[in-house]
Amino acid sequence: MQSVTILGASGSIGDSTLNVLAQHPDRYSLYALTAHTQWQKLGELCLLHHPRYAVVVEEPGAESLALWLKARGSATQVLSGVEALSEVASAPEVDTVMAAIVGGAGLVPTLAAVRAGKKILLANKEALVMAGGLFTRAVEEHGATLLPIDSEHNAIFQCLPGHPRDCLGGGLAGSGVRKILLTASGGPFRDYPEERLASVTPEQACAHPNWSMGQKISVDSATLMNKGLELIEACWLFHARPDQIEVVVHPQSVIHSMVEYVDGSVLAQMGNPDMRTPIAHALAWPERMVSGVASLDMIATARLDFAAPDTDRFPCLRLAADAARAGGTAPAVLNAANEIAVEAFLRRRIGFTDIPRIIETVMGRVAFTEPGSLDAVQSADREARQQASALVELH
Ligand code: NDP
Ligand code: MG
């Protein structure tokens, strides 16, 4: 019996994870579920799934949830505050932590799970983008097991000969890999001419053609920043250099990514676009278990298309590749500026095409350093957020 904590249980990845876990009550029990503000949703989840603890970061929400659960006879104990996230991620009773908080807020609790040597299922790509060096060193030092949930990275993981920890001592080339082909759907504006992009709305940006996801990652998919963050994420997860990763637009999202070997073989992982597949894969790894995802109908799929990404219309991908090459705190600055810009776009304070403009300006203003500590990462993050917020104010 594995005991599981889900950080970000009230979100889209949280939903998919609970769906998979509920199919295997004999294998998994829930230690804790967490949310930021959505206490009512967390309450419903507690009644259904009976975790030992529920964390609501915001104090008033936690108080309301405690009363609400008590009135319904639930035994789940309610905690509040950011520290509680790290506590339920690192408690000795916990085996596996699903890291599915969105954005930089997930970094500290995810690192707490790493430092406690847990099995970490990483959806929260921003944590790795911000602090990849610290994060991966901590994984090694504390004997944690890091498994990718992001569908592309999970696909790459499945196409590699083993866990990167065991087989990539000599970098990617050490296992005969020539390159990684990171696929991208292209998002809802893939075919939009440049002049239409300035006036697209948050609703249009959040209507992803293939995946149903949280708002922030949906906007990131529309700007291609998601692919940029994933490029940086892949470098850390697979010990790859940015030039060993090629982004390929593949609108059907049936191939989730590919690995090319030196002998010319290209392995692809395919499946319906449903996050329950990578979640079940990582939960059961190295075994396999049922996820509830339907068989892929190849005949109905009929065709698979591929194209190069257009970084003139979608400059975020270029900015992320620049940050990957610059290294140090550059990815943390990129990520922080992006979070502020995306939130401002969702609040209709700025337009869609202002997102890359703000990020590029912030990247030109904040000096990059070599992050030796979490403090250094957090200070780069803070400075970039301040700069980006000031630029939003000008609109
Ligand atoms: P959602 O917006 O649906 O959910 C986010 C979760 O994080 C919610 O539980 C939310 O709580 C919580 N949260 C938000 N802010 C804070 C905070 N400051 N402190 C603590 N908790 C917080 O996002 P997704 O589930 O779509 O994405 C989660 C992560 O997984 C992201 O990093 C995303 O990039 C990644 N991912 C998602 C995929 C998907 O298909 N959805 C695919 C691949 C990766 P509350 O509900 O109370 O606001
Ligand atoms: Mg992805």
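What counts and what doesn't
- Residues numbered from 1 in each chain as written.
- Chains lettered and ligands numbered in written order.
- Predicted model: local features only at pLDDT ≥ 70, side-chain atom pairs only at ≥ 80, totals over all residues.
- Heavy atoms only, no water.
- Helix = DSSP H or I, 4+ residues; strand = E, 2+ residues; numbered from the N terminus.
- Rg over C-alpha atoms; globule rule 2.2 N^0.38 Å.
- Buried < 20%, exposed > 50% of the residue type's maximum accessible area, 1.4 Å probe, protein only.
- Contact = heavy atoms within 4.5 Å.
- Areas by Shrake-Rupley, 256 points an atom, 1.4 Å probe, with all protein chains shown as cover.
- Donors = N, O, S within 2.8 Å, 3.2 Å for Na, K, Ca; no water.
- Expected span 1.5 Å × (residues − 1).
- Axes fitted to C-alpha atoms, helices over the stretch in contact; angles between N-to-C directions.
- Left-handed = near helix turned anticlockwise from the far one by under 90°.
- Nonpolar A, V, L, I, M, F, W, Y, C, P; charged D, E, K, R; others polar.
- Polar contact = N/O pair within 3.5 Å; in protein donor to acceptor, adjacent residues only side chain to side chain.
- Domains from an automatic or database assignment.
- Buried area = accessible area lost by both parts, 1.4 Å probe.
- Salt bridge = Lys/Arg side-chain N within 4 Å of Asp/Glu carboxyl O.
- Pairing = 2+ DSSP bridges.
- Right-handed = clockwise from strand over helix to strand, strands pointing away.
- Parallel < 35°, antiparallel > 145°, perpendicular 65-115°, else oblique.

**Student:** Which residues make up the overall build of the chain, and what values go with them?
**Tutor:** For the chain, the count of helices and strands is 18 helices and 11 strands. Over its C-alpha atoms the chain spans a radius of gyration of 20 Å, differing by no more than 12% from the 21 Å that the globule rule assigns to 395 residues. For the chain, the C-alpha atoms occupy an extent of roughly 55 × 50 × 45 Å along the three principal directions. Buried positions account for 57% of the 395 residues belonging to the chain. A separation threshold of at least 6 residues defines the contact pool for the chain, and within that pool the share at least 24 residues apart is 70%. Carbon and sulfur atoms provide 51% of the accessible area of the chain, an area that totals close to 16,300 Å².

**Student:** Residues and numbers for the coordination of the magnesium ion (ligand 2), please.
**Tutor:** Note on the magnesium ion (ligand 2): its protein donors are Asp 150 (OD), Glu 152 (OE) and Glu 230 (OE). The metal-donor distances range over 2.1 to 2.2 Å. One chain supplies every donor for the magnesium ion (ligand 2), spaced along it as D-x1-E-x77-E. In this pair, Asp 150 is assigned in the loop between strand S7 (145-148) and helix H7 (151-159) and Glu 230 in helix H12 (residues 225-238), connecting sequence segments 80 residues apart. Exposure remark for Asp 150: the relative accessible area of 8% places this residue in the buried category. For Glu 230, a relative accessible area of 1% puts it in the buried group.

**Student:** For helix H15 (residues 315-326), give the residues involved together with the corresponding values.
**Tutor:** Here H15 contains 12 residues, and its C-alpha end-to-end distance of 17 Å stays within 8% of the 16 Å for a straight helix at 1.5 Å per residue. Along H15, the residues that are buried comprise Pro 315, Cys 316, Leu 317, Leu 319, Ala 320, Ala 321, Ala 323 and Ala 324. Residues of H15 that are buried in the fold lie against helix H11 (215-223), H12, strand S9 (245-249), helix H16 (330-346) and helix H17 (354-365). With its phi angle positive at about 65 degrees, Gly 327 sits one or two positions after the end of H15.

**Student:** Provide a residue-level description of the packing of H16 against helix H18 (residues 374-393), including the pertinent values.
**Tutor:** Taken N-terminus to C-terminus, the directions of H16 and H18 make an angle of 35 degrees; their axes are 8 Å apart at the nearest point. Handedness of the H16/H18 crossing: right-handed. Residue-level inspection shows Ala 332, Val 333, Ala 336, Ala 337, Glu 339, Ile 340 and Ala 344 of H16 in contact with H18, the latter providing Val 377, Ala 380, Asp 381, Ala 384, Arg 385, Ala 388, Ser 389 and Val 392. Residue classes in the contact of H16 with H18 are distributed as 11 nonpolar, one polar and three charged.

**Student:** I'd like a rundown of the side chain of Asn 226, residues and numbers included.
**Tutor:** Mapping Asn 226 onto the fold places it in helix H12. Reaching out from Asn 226, the side chain makes a polar contact with the side chain of Lys 125 at a distance of 2.6 Å. If sequence neighbours within four positions are ignored, Asn 226 has contacts with Lys 125, Ile 217, Asp 220 and Ser 221.

**Student:** How would you sum up the domain arrangement of the chain? Please name residues and give values.
**Tutor:** When its domains are assigned, the chain resolves into domain 1 (2-148), domain 2 (164-271 + 295-312) and domain 3 (327-395). Listed per partner, the contact involves 14 residues of domain 1 and 14 residues of domain 2. Between domain 1 and domain 2 lies a buried interface of about 1,100 Å² when both sides are counted; carbon and sulfur atoms form 68% of it. The largest share of the area that domain 1 buries against domain 2 comes from Lys 125, Leu 128 and Val 129, three residues that together contribute 44% of it. The tally of links from domain 1 across to domain 2 stands at two salt bridges. The interface formed by domain 1 and domain 2 includes four residue pairs in polar contact (both at pLDDT 80 or more). Among the secondary structure elements, those contributing two or more residues to the side of domain 1 that touches domain 2 are helix H6 (125-141) and S7.

**Student:** Describe the sheet that holds strand S1 (residues 2-7), naming the residues involved and giving the relevant values.
**Tutor:** Spatial strand order, S4-S3-S2-S1-S5-S6-S7: seven strands in an open sheet with parallel pairing. Strands at the two margins of the open sheet, each flanked by one partner only, are strand S4 (77-80) and S7. Going from strand to strand, the sheet's axes swing by 20 degrees on average, the running direction of each strand aside. Each of S1, strand S5 (96-99) and strand S6 (119-122) is contacted by helix H5 (residues 107-115), which is oriented at about 150 degrees to S6, the strand it contacts most. Relative to S6, helix H13 (residues 276-284) is tilted by about 170 degrees, and along the sheet it contacts strand S2 (28-35), S5, S6 and S7.

**Student:** So what's going on with the pairing of S4? Residues and values would help.
**Tutor:** Across four bridges, strand S3 (residues 53-56) lies against S4 in parallel orientation. When the bridges of S4 are listed, Val 55 appears paired with Leu 79. With helix H3 (residues 59-71) bridging S3 and the parallel S4, this β-α-β connection has right-handed handedness.

**Student:** Provide a residue-level description of the packing of H11 against H12, including the pertinent values.
**Tutor:** In contact at an axis separation of 5 Å, H11 and H12 are set at 95 degrees when each is read in the N-to-C sense. Relative to H12, H11 is oriented roughly perpendicular. The segment H11 lies against H12, with Lys 216, Ile 217, Asp 220, Ser 221 and Thr 223 engaging Met 225, Asn 226 and Leu 229.

**Student:** Break down the pattern of salt bridges for me, citing the residues and quoting the values.
**Tutor:** Counted under the stated rule, the structure contains 24 salt bridges. The partner of Asp 381 in a salt bridge is Arg 385, with the nearest N and O atoms 2.9 Å apart. Placement of both Asp 381 and Arg 385 in helix H18 is noted, with a separation of four residues, approximately one turn of the helix. With relative accessibility at 10%, the residue Asp 381 sits in the buried group.

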